[in-house]
Amino acid sequence: MRVLGVDPGLTRCGVGVVEGVAGRPLTMIGVGVVRTPADAELGDRLVAIERGMERWLDEHSPGYVAVERVFAQHNVRTVMGTAQASAVAMLCAARRGIPVALHTPSEVKAAVTGSGRADKAQVGAMVTRLLRLDAPPKPADAADALALAICHIWRAPAQNRLQQAVAAHRTQAAPGTSRTPRTLKGRTA
């Protein structure tokens, strides 16, 4: 499985490609950052991120894209920029038919370090160890992108089994079942 991890941001969008399967040693294929100038117009910055994502997708042909799920912060401007960069990455993948998975920061930290409260230094150290690198990738956005890819490789098999079980349950329940409508306070729902 080859996964492109994306740590979204308007100024620095971390990208990292990891290949492997759960339970086996993983290999870093590439790591970097798509940068945009802070003083550029928003539209131009989003186009630059799109072009950077397209280059990474062209060069590395990932089977999956794992993007950090945007979470609420006190700084609305930061959240908006992160969400916009995230949307560009998801759009680029969707345009090519590449499945996209979203992982929360605490989910990624827990998968890579064992603690959902790990700091950036701990994440960088574990990424370095897990991928057998000489030094942690710089900047931290690049290490975070690799951590996202690792998280997805490790969690995807379980998530896929869960999705298949839910789909099978729905398929079994759908044919020939005659359910009566539920009622809410005497009204049919």
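The preceding data block contains the structure.
Note that the structure is a prediction, hence the values are computed from the model and not measured. (Residues numbered from 1 in each chain as written. Predicted model: local features only at pLDDT ≥ 70, side-chain atom pairs only at ≥ 80, totals over all residues. Heavy atoms only, no water.)

Caption draft 1: Highlighting helix H3 (residues 105-113). Along H3, the residues that are buried comprise Pro105, Glu107, Val108, Ala111 and Val112. For H3, the arc enclosing every buried residue in end-on projection is 160°, short of the 170-degree limit, so these residues lie on one face. Following H3 by one or two positions, glycine 114 has its phi on the positive side, about 95°. (Buried < 20%, exposed > 50% of the residue type's maximum accessible area, 1.4 Å probe, protein only. Helix = DSSP H or I, 4+ residues; strand = E, 2+ residues; numbered from the N terminus. Arc of directions from axis to C-beta.)

Caption draft 2: Highlighting the sheet that holds strand E2 (residues 12-19). Strands sit in the order E3-E2-E1-E4-E5 across an open sheet of 5 strands; the sheet is mixed. Edge strands, defined here as strands with exactly one partner in the open sheet, are strand E3 (27-35) and strand E5 (100-103). Averaged over all pairs of adjacent strands, the angle between strand axes in this sheet comes to 20°, irrespective of strand direction. In the sheet, strand E1 (residues 2-7) pairs with E2 via 6 bridges, with the strands oriented antiparallel. (Pairing = 2+ DSSP bridges. Axes fitted to C-alpha atoms, helices over the stretch in contact; angles between N-to-C directions.)

Caption draft 3: Focus on the pattern of salt bridges. Applying the stated criterion across every chain yields a total of 8 salt bridges. A salt bridge links glutamate 19 to arginine 2, with the nearest nitrogen and oxygen atoms 2.8 Å apart. Note that glutamate 19 is positioned in strand E2 and arginine 2 in strand E1, a separation of 17 residues in sequence. Since its relative accessible area comes to 31%, glutamate 19 is described here as partly exposed. One salt bridge in this structure joins arginine 96 and glutamate 54, with 2.5 Å as the shortest N-O distance. In this pair, arginine 96 sits in the loop between helix H2 (76-95) and E5 while glutamate 54 sits in helix H1 (residues 42-60), placing the two residues 42 residues apart along the sequence. Of the residues examined, arginine 96 reaches a relative accessible area of 35% and is grouped as partly exposed. For glutamate 54, a relative accessible area of 16% puts it in the buried group. The structure contains a network of salt bridges with shared partners spanning Glu50, Glu54, Asp58, Arg95 and Arg96. (Salt bridge = Lys/Arg side-chain N within 4 Å of Asp/Glu carboxyl O.)

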